[in-house]
Amino acid sequence: MPAPATSANVLAPAPDVVEDHAIHFRSDGLALSPMEYAWLLVQLAEDGRIAADEFAREGVVATLEARMAALLGKEMAVFLPSGTLANHLALRLLARRGHRVVVQRESHIYNDTGDCAQELSGLTLIPLAPEQATFTLAEVEAEIARAEEGRVSTPVGVISIESPVRRVLGEVFDFTEMQRIATVARASRIGLHLDGARLFLAAAYTGIAPRSYAALFDTVYVSLYKYFNAAGGAVLAGPKQLLENLYHQRRMFGGSLRQAWPYAAVALHYLDGFSERFGRAASAGDALFEALRNHETCQVLRSAAATNVTRLNVLGSDAAALPERLLARGIAIRRALRSSPEGAEFELVTNETILRRPIAEIIEAFVEALRPA
């Protein structure tokens, strides 16, 4: 018989299945293996924590939706198979005043969705703030005025904000500017959407609760796979009058899965206690980066708006070998973003695996790996 779960949030290891000491800085989540994922589903099922759904209705999916809606302070939430679909349907629903949508140029919506909003819903994306996480109220007001004062009025119908912005090293959108933009948008009856895929992990760095961010927006998308460790899935939260019939559009766009419980059950499992755990992970990461900042071969690059993404420059002709040296010590990082005879640059992404070993031990492993060969 499988071993019982040790707690609501700790994956009880089976022999040769889980390496609890393994640490990585490669992504936002735990990066569960297929064996680990299957083992967790067995545990959850044995504990009676999985109720099957029918086409992503009822069961554990409905439980997850209600929980997310409550955490975000919204009337309801709907499961969707991907963030791409969640963002797209949100823009489609909100674009009532006009079909122009203000977005960040570095946003997922603008760069990574194959122009789906344009091709499938006739929306026009207006990109602002190149290479920045934040666009300003002045930029938004200028675009609103320009769109409505032309020979043919083409009003802005939606303002979409991604925060944190993964393409800008995980930086958050300035909260004060976000509040100012939301005030003007509401006065102008412009819809507001938050791509909050990484919203819950950002709270560990900003001190601002996801609910406080969500209150500024009509709709909010949260990822289920990035750090809640589901194999896929997303949640879109908002007012009932806007989302209560979204199931039909979900199906129309091919997003009505026969069953979604394998995603919802795992996400719900890791949602419990996440804020406390990730807060400890962020603190451990801060301790590591402070130690590296004081190392003679290292330069740590983090802006004031950073979340869990850090750039590390390492000096030395053999700096590009750092991933192999760390892997020998049970720590995985991605290969260098760029390297030269003078050194190499790496991207480190903090996640909960940093809690698997004492931070002093992790720091020691980095220091040893940084010693010249």
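Residues numbered from 1 in each chain as written. Predicted model: local features only at pLDDT ≥ 70, side-chain atom pairs only at ≥ 80, totals over all residues. Heavy atoms only, no water.

## Quick notes on helix H1 (residues 34-46)
Look at H1: 18 Å from first C-alpha to last across 13 residues, which is about the 18 Å you get at 1.5 Å a residue. Listing the buried residues of H1 in full gives Glu36, Tyr37, Trp39, Leu40, Leu41, Gln43 and Leu44. Buried residues along H1 sit against helix H12 (261-271). Positioned one or two residues after H1, Gly48 has a phi angle of 70°, which is positive. (Helix = DSSP H or I, 4+ residues; strand = E, 2+ residues; numbered from the N terminus. Expected span 1.5 Å × (residues − 1). Buried < 20%, exposed > 50% of the residue type's maximum accessible area, 1.4 Å probe, protein only. Contact = heavy atoms within 4.5 Å.)

## Thoughts on the sheet that holds strand S9 (residues 298-301)
The strands that make up a sheet are held in pairs by hydrogen bonds between backbone atoms, and each pair lies either parallel or antiparallel. With antiparallel pairing, the four strands of this open sheet are ordered in space as S9-S10-S13-S12. Looking at the sheet topology across the chains shown, the edges are occupied by S9 and strand S12 (338-340). This sheet shows a mean twist of 20° between the axes of neighbouring strands, independent of strand direction. As paired strands, strand S10 (residues 309-315) and strand S13 (residues 343-349) are joined by seven bridges and run antiparallel to one another. Counterpart to Arg311 in the pairing with S13 is Glu347. Helix-sheet contacts for helix H13 (residues 274-293) involve S9, S10 and S13, and the interaxial angle to S9 is about 135°. (Pairing = 2+ DSSP bridges. Axes fitted to C-alpha atoms, helices over the stretch in contact; angles between N-to-C directions.)

Any functional reading would require information that these geometric values do not contain.
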